[in-house]
Amino acid sequence: MSTLHLVINAGFEPLKTCIDWAGDSDRIVLLDAGVDSLSNLRCTALMGPLIPESRIRALEADVRARGLAGLCQSLGIAMVSDTDWVGLLAECEQVMSWR
């Protein structure tokens, strides 16, 4: 059973708690203020092991709105469109929000 974890707030604690709870088949999407975690060194270190597996992604509209597209690409984190995000919601059996 896979879960889609939505990290809505920026900062180390919401992201760390989310990653601690996420299972191996779960997906994580940074959105809204959660994409600000891309510019936090502690957060990017925490995300590092999940990047090659494409388990962590960021909502493209929020990344672009904050001018973080270049940083997101340099970190190797995939950006998802609104359509892709809806697809992830449909694929996963549960959704959890982290604030």
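Before reading further, recall that the structure is shown in the block above.
Residues numbered from 1 in each chain as written. Predicted model: local features only at pLDDT ≥ 70, side-chain atom pairs only at ≥ 80, totals over all residues. Heavy atoms only, no water.

Enquirer: Any chance you could explain the packing of aromatic side chains here in plain terms?
Expert: What characterises a pair of aromatic rings is the spacing of the ring centres plus the angle enclosed by the ring planes. Summed over all chains, the structure comprises zero aromatic pairs. The ring of Phe 12 carries the charged tip of Arg 42 above its face, separated from the ring centre by 3.7 Å. (Phe/Tyr/Trp six-rings, centres within 6.5 Å; stacked < 30°, edge-to-face > 60°. Lys NZ or Arg CZ within 6 Å of the ring centre and 35° of its normal.)

Enquirer: Any chance you could explain the nonpolar core here in plain terms?
Expert: Ranked by internal contacts, the top residues of the largest apolar core, which has 23 residues, are Leu 15, Ile 28, Leu 30, Leu 38, Met 47, Ile 56 and Val 63. Going through the elements one at a time, helix H1 (12-21), strand S2 (27-30), helix H2 (41-47), strand S3 (56-59) and helix H4 (69-75) are the ones with two or more residues in this core. Ranked by residue count, the leading element in this core is H1, at four residues. When near neighbours in sequence (up to four residues on either side) are disregarded, Leu 38 contacts Leu 30, Thr 44, Met 47, Val 63, Leu 68, Leu 71, Cys 72, Leu 75 and Ile 77. With nine residues, the next largest nonpolar core counts Leu 4, Ile 8, Leu 88 and Cys 92 among its residues. (Core = buried A, V, L, I, M, F, W, Y, C linked by side-chain atoms within 4.5 Å. Buried < 20%, exposed > 50% of the residue type's maximum accessible area, 1.4 Å probe, protein only. Helix = DSSP H or I, 4+ residues; strand = E, 2+ residues; numbered from the N terminus. Contact = heavy atoms within 4.5 Å.)

Enquirer: Before we go on, may I ask you to explain the pairing of S3 in this structure?
Expert: Working note: regular strand, side chains alternate between the two faces of the sheet. Neither face of S3 is exposed, since Ile 56 and Ala 58 on one face and Arg 57 and Leu 59 on the opposite face are all buried. Assessed by its sense of winding, the connection that carries the chain from S2 through H2 to S3 is right-handed. Here three bridges tie S3 to strand S4 (residues 78-80), and the two strands are oriented parallel to one another. Residue Leu 59 lies in a different strand from S4, and its bridge partner there is Val 80. (Right-handed = clockwise from strand over helix to strand, strands pointing away. Pairing = 2+ DSSP bridges.)

Enquirer: How do you make sense of the pattern of salt bridges when you look at a structure like this?
Expert: Pairs may arise between side chains of opposite charge once their charged atoms sit close together. Under the counting rule described, the total for this entry stands at five salt bridges. The salt bridge partner of Asp 32 is Arg 66, with a shortest N-O separation of 3.7 Å. Placement of the pair is Asp 32 in the loop between S2 and H2 and Arg 66 in the loop between helix H3 (60-65) and H4, with a sequence separation of 34 residues. Residue Asp 32 is classed as partly exposed on the basis of its relative accessible area of 38%. When the shortest N-O distance is used, the salt bridge between Glu 60 and Arg 64 registers 3.0 Å. Of this pair, Glu 60 and Arg 64 both sit in helix H3, four residues apart, roughly one helical turn. Residue Arg 64 is classed as partly exposed on the basis of its relative accessible area, which comes to 46%. Through salt bridges with shared partners, a single ionic network connects Asp 32, Asp 36 and Arg 66. (Salt bridge = Lys/Arg side-chain N within 4 Å of Asp/Glu carboxyl O.)

Enquirer: Explanation requested: the environment of Glu 60 in the structure shown.
Expert: The exposure class assigned to Glu 60 is partly exposed, which follows from its relative accessible area of 26%. Measuring from C-alpha to C-alpha, the distance between Glu 60 and Gln 94 comes to 22 Å, with 34 residues separating the pair along the chain. With residues up to four places along the chain from it excluded, the contact list for Glu 60 reads Met 79, Val 80 and Ser 81.

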